[in-house]
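Each chain is listed here by its residues.
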Amino acid sequence: MGRRGPKPTPTAILAARGSWRAKLNRHEPIPDDLSPQPPDHLSDAAKQVWFHIIPKLLKLRIVGDIDADALARYCDALVKWRRAAVFLEGHPELVYPIRGPVTSENPNGRLLGLMPYPQNGLYEKYARILDRLEQSFGLTPSARTRITAMQAEKPIDKDKLRFFKGAG
């Protein structure tokens, strides 16, 4: 039996949202500051997605070298989702069945129905995969509405500090 409940939100995302829960897990591993490099197996189109999304994720400080495989899956899925979308853009949603062992015709040759293009299923499949991965990296629209920019700390007035010196 798997773990119950929603997946925990990374501390970096909690901190960006300004949540008090960001201070709860003091032992969470923090990814290094190195920019992850794309795996060699990625296609050129997936590498373009990689180099487009990595600077945005590094700005949030929630990604490191250890996340390279998950990011590669995201880039690959986005490319495949786009290909299915481009195909469906130029074709009607339904197509007559292809003659062969499986047919939608009755014995008289009368058409019984239409079959959807396989790209419809691929489009939906990759949309679900992308949604899960985007939630993992805090890239969904709902995740963006909860993230607020961290405000820079105001410089400490040295005149006010004198009141706290010697208090301890």
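Residues numbered from 1 in each chain as written. Predicted model: local features only at pLDDT ≥ 70, side-chain atom pairs only at ≥ 80, totals over all residues. Heavy atoms only, no water.

A. Spotlight on the overall build of the protein. Within the protein, the secondary structure is distributed over six helices and two strands. Out of the 168 residues belonging to the protein, those deemed buried represent 25%. Surface exposure of the protein reaches about 13,300 Å², of which carbon and sulfur atoms provide 56%. (Helix = DSSP H or I, 4+ residues; strand = E, 2+ residues; numbered from the N terminus. Buried < 20%, exposed > 50% of the residue type's maximum accessible area, 1.4 Å probe, protein only. Areas by Shrake-Rupley, 256 points an atom, 1.4 Å probe, with all protein chains shown as cover.)

B. Here's a closer look at the environment of Tyr126. Structurally, Tyr126 can be placed in helix H4 (residues 118–136). Each C-alpha atom of the pair Tyr126 and Val79 lies 9.3 Å from the other, and the pair is 47 residues apart in sequence. Other than its neighbours up to four places away in sequence, Tyr126 contacts Ala77, Lys80 and Trp81. (Contact = heavy atoms within 4.5 Å.)

C. Quick peek at the side chain of Asp67. Within the secondary structure layout, Asp67 lies in the loop between helix H2 (44–60) and helix H3 (68–89). Within the structure, Asp67 has its side chain in polar contact with the backbone nitrogen of Gly64 (distance 2.9 Å). Not counting the four nearest positions on each side in its chain, Asp67 is found in contact with Ile62 and Phe137. (Polar contact = N/O pair within 3.5 Å; in protein donor to acceptor, adjacent residues only side chain to side chain.)

D. Focus on the packing of aromatic side chains. Summed over all chains, the structure comprises two aromatic pairs. For the pair Phe87 and Tyr117, a centre-to-centre distance of 5.0 Å together with 85° between the ring planes defines the contact as edge-to-face. Of this pair, Phe87 sits in helix H3 while Tyr117 is found in the loop between strand S2 (115–116) and H4, placing the two residues 30 residues apart along the sequence. Classification of Tyr117 by relative accessible area gives buried; the value is 16%. (Phe/Tyr/Trp six-rings, centres within 6.5 Å; stacked < 30°, edge-to-face > 60°.)

E. Region of interest: the pattern of salt bridges. Under the counting rule described, the total for this entry stands at one salt bridge. As a salt-bridge pair, Lys80 and Asp76 come within 3.2 Å of each other at their nearest N and O atoms. Of the two residues, Lys80 and Asp76 both sit in helix H3, four residues apart, roughly one turn of that helix. Asp76 gets classed as partly exposed once you look at its relative accessible area, which sits at 29%. (Salt bridge = Lys/Arg side-chain N within 4 Å of Asp/Glu carboxyl O.)

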